[in-house]
Amino acid sequence: MSGNGSAVRPSGPGETGLVAIHDVPAYPDVPTYLNILGSLHIWEGDGWKQESMSWKTTAYLASNLSGLPEITFSGPQAQEFLSRLSINNVYKWPVGTSKHLVMLDERGYIANHGLTVRDSEDSFRQFAAMPWSLYKAPSMGLDVQIGLRDVFVFQVAGPTSLQVLERLIDEPLRTLKFLGVKQVSIPGIDASVEIELSRIGMAGTLAYELRGPLEHGPAVFDAVFQAGKDFGLKRLGWRTYLVNHTEGGFPQQGCTFLPAAFADPGFVTHPVFGATLPPSQVEGPLPGSADPKDMTARLRTPFEVNWGWMAKFDHDFIGREALEAEAANRRRKTVVLRWNKEDVLDVFASQFEPGEEYKHFEFPTSPQAPAGGHADLVTKDDKPVGVSSVAVYSYYYREMISHSTIDLEHGEIGTEVVVHWGDHGGRIKPIRATVERFPYLDLASNKDFDLSAVPSGVASA
């Protein structure tokens with residue numbers, strides 16, 4: 001076990017009976033907990049191969065998004081506040097549903113993004129997001145109250161995830177629509193504890209989230225784990241987490257790119273916000289064959305990560321001018337690159353040869369997560385055409401793949417390019433790669449998943 005031991009505390013009465021680590025139990029059979037985002041998380045739960053198969057064949061349980069506080073926005077100008085920060089239209093937003101809000105800096109780069117729930121006409125909550133909104137609030141002069149609360153955020157995803165949750169809650173959950181939110185009660189947890197279920201996730205297939213007060217996290221996590229044993233549930237750790245983002249087509253700040261907040265001098269030097277940032281991602285040198293001093297190679301615009309469709313130019317928001325200019329002259333998009341097997345094997349072979357070896361691969365992701373500061377140069381006919389992010393070994397497809405932001409003219413499926421694998425100034429291995437479908441996962445997506453084909457998980461059914 002590594003990381004900050006001060007995060008270890010005993011479970012409360014009526015909980016798991018196990019020692020708790022942050023928001024999860026300290027399971028004797030979980031080999032490693034690691035300090036990620038300032039708190040201890042499961043690094044590898046049930047073996048990375050089993051975990052990487054879970055969202056295709058069974059289901060997983062993950063606490064990887066816990067650690068950042070829930071941010072609440074309320075008051076008469078809360079909606080206007082979010083509107084001026086976000087590229088999204090927040091005025092056509094039904095109460096009780098979620099939106100993926102995307103916020104920019106003045107240059108049009110993504111400064112922050114995160115799932116946000118609208119609770120009432122003037123009350124909103126955002127999860128697992130950078131405190132960009134708190135940083136910008138003083139300069140906006142709007143009547144909005146911002147609060148913070150420590151919460152757990154658990155993801156339950158995969159084809160059997162619905163059965164797991166129905167077994168847990170002991171009631172049918174088929175009426176919960178994509179992006180919907182439902183209050184639930186969990187047996188063994190005080191009924192007065194507010195816990196919500198949302199049909200959302202990053203697995204690229206059927207997925208849900210459970211959210212509630214952090215102090216009840218260990219008990220809820222274990223309740224889900226016990227309910228899922230009959231359905232092949234695996235505990236997904238950070239070691240394998242980025243595999244699902246890469247396969248499922250979900251670029252993620254801090255993982256496949258860096259938030260522009262990390263490049264904002266005022267933010268990084270702020271006595272509160274700046275103090276919590278990982279030094280390796282704001283001070284450098286940043287890894288990858290792209291120039292380590294070039295922070296922009298690690299930043300992304302909404303169009304570059306295929307989120308341009310979210311932008312609504314019917315309201316004023318930070319970065320609108322830059323984004324409108326890009327919309328009129330789009331340059332890049334994100335694709336999946338499938339890496340050439342022989343070239344990948346060459347990297348391994350170099351570890352057994354004299355002289356300077358190539359930068360080695362960690363499995364299943366290189367660099368290990370989080371890896372948002374990594375950027376490899378991508379070329380076509382020796383000319384730069386894009387940037388590749390974290391390299392992922394997909395055990396399901398038996399391929400090495402990555403997300404690459406690439407010039408539109410070279411983004412067609414079948415285009416052959418070269419990824420320059422290694423760190424700037426070191427030995428570089430040119431790896432041939434082919435543009436493939438995005439997303440790479442070719443299973444039914446969450447919003448299109450046929451729930452009628454899923455057997456009931458209710459024990460009494």
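Residues numbered from 1 in each chain as written. Predicted model: local features only at pLDDT ≥ 70, side-chain atom pairs only at ≥ 80, totals over all residues. Heavy atoms only, no water.

### Description of the confidence of the model for the protein chain
In low-pLDDT regions, the fine details of the predicted coordinates are not to be read closely. Taken residue by residue, the protein chain gives an average pLDDT of 92. The fraction at 70 or more is 96%. Between residues 1-15, whose pLDDT stays under 50, and residues either more than four places distant or in other chains, the model counts 36 contacts. (pLDDT = per-residue confidence, 0-100. Contact = heavy atoms within 4.5 Å.)

### Let's talk about the side chain of His374
Here His374 is to be found in the loop between strand E18 (365-366) and strand E19 (376-380). Judged by its relative accessible area of 1%, His374 is buried. At a separation of 2.7 Å, a polar atom in the side chain of His374 contacts the side chain of Asp376. Not counting the four nearest positions on each side in its chain, His374 is found in contact with Pro287, Gly288, Arg298, Lys359, Pro367, Ser388, Ser389, Val390 and Trp421. (Helix = DSSP H or I, 4+ residues; strand = E, 2+ residues; numbered from the N terminus. Buried < 20%, exposed > 50% of the residue type's maximum accessible area, 1.4 Å probe, protein only. Polar contact = N/O pair within 3.5 Å; in protein donor to acceptor, adjacent residues only side chain to side chain.)

### A short note on the packing of aromatic side chains
Geometrically, a pair of aromatic rings is defined through the distance of the ring centres and the angle of the planes. Under the definition given, this model contains 25 aromatic pairs. Judged by centre distance (6.4 Å) and plane angle (75 degrees), the rings of Trp48 and Tyr395 are edge-to-face. Taken together, the residues Trp48 in helix H1 (residues 48-57) and Tyr395 in the loop between strand E20 (383-394) and strand E21 (399-407) connect sequence positions 347 residues apart. With 5.2 Å between their ring centres and 80 degrees between their planes, Phe154 and Phe221 make a pair best called edge-to-face. Here Phe154 is found in strand E12 (residues 151-157), whereas its partner Phe221 is found in helix H5 (residues 217-228), with 67 residues between them in sequence. The pair formed by Phe154 and Phe221 is uniform in burial state, with each residue classed as buried. Linked through ring pairs, Trp48, Trp339, Phe348, Phe361, Phe363, Tyr393, Tyr395 and Trp421 together constitute an aromatic cluster. Above the ring of Trp93, the side-chain terminus of Lys99 is found at 5.9 Å from the ring centroid. (Phe/Tyr/Trp six-rings, centres within 6.5 Å; stacked < 30°, edge-to-face > 60°. Lys NZ or Arg CZ within 6 Å of the ring centre and 35° of its normal.)

### Examining the sheet that holds strand E8 (residues 98-104)
The antiparallel open sheet is built from 5 strands, whose spatial order is E8-E9-E10-E7-E11. Two strands lie at the open edges of the sheet, namely E8 and strand E11 (145-149), each paired on one side alone. Pairwise comparison of adjacent strand axes, ignoring direction, gives a mean angle of 30 degrees for this sheet. Examined bridge by bridge, strand E9 (residues 110-120) and strand E10 (residues 123-126) share 4 bridges and lie antiparallel to one another. Bridging across to E10, Val117 finds its partner in Arg125. Against the sheet, helix H2 (residues 78-85) touches strand E7 (70-74), E8, E9, E10 and E11, its axis set at about 55 degrees to E8. (Pairing = 2+ DSSP bridges. Axes fitted to C-alpha atoms, helices over the stretch in contact; angles between N-to-C directions.)

### What to know about the pairing of E10
Of the strand pairs in this sheet, E7 and E10 are connected by 4 bridges, and their pairing is antiparallel. From the neighbouring strand, Ile71 faces E10, where its bridge partner is Gln126. The hairpin formed by E9 and E10 contains 2 residues between the paired strands.

### Notes on the pattern of salt bridges
Tallied over the entire structure, the rule returns 26 salt bridges. The salt bridge involving Glu80 is made with Arg84; its shortest N-O contact spans 3.7 Å. Placement of the pair is Glu80 and Arg84 together in helix H2, with a separation of 4 residues, close to one helical turn. Of the charged contacts in the structure, one is a salt bridge between Asp448 and Lys447, with a shortest N-O distance of 3.2 Å. As far as burial versus exposure is concerned, Asp448 and Lys447 are alike and both exposed. (Salt bridge = Lys/Arg side-chain N within 4 Å of Asp/Glu carboxyl O.)

### Re the layout of surface pockets
In this model, the largest pocket occupies a volume close to 1100 Å³. Lining the largest pocket are 44 residues, with His100, Phe178, Phe250, Trp309 and Met310 positioned closest to its centre. Partitioning the lining of the largest pocket into residue classes produces 23 nonpolar, 16 polar and 5 charged. Estimated volume of the second largest pocket: approximately 900 Å³. The wall of the second largest pocket is formed by 42 residues, among which Leu37, Leu68, Met130, Thr276 and Pro278 lie closest to the centre. Of the residues contributing to the lining of the second largest pocket, the split by class is 28 nonpolar, 14 polar and no charged. (1 Å grid on protein atoms, 1.4 Å probe; cavity = no way out; pocket = protein on both sides within 12 Å on 5 of 7 lines; lining within 4 Å. Points joined across faces, edges and corners; volume = space filled by probe spheres on them. Nonpolar A, V, L, I, M, F, W, Y, C, P; charged D, E, K, R; others polar.)

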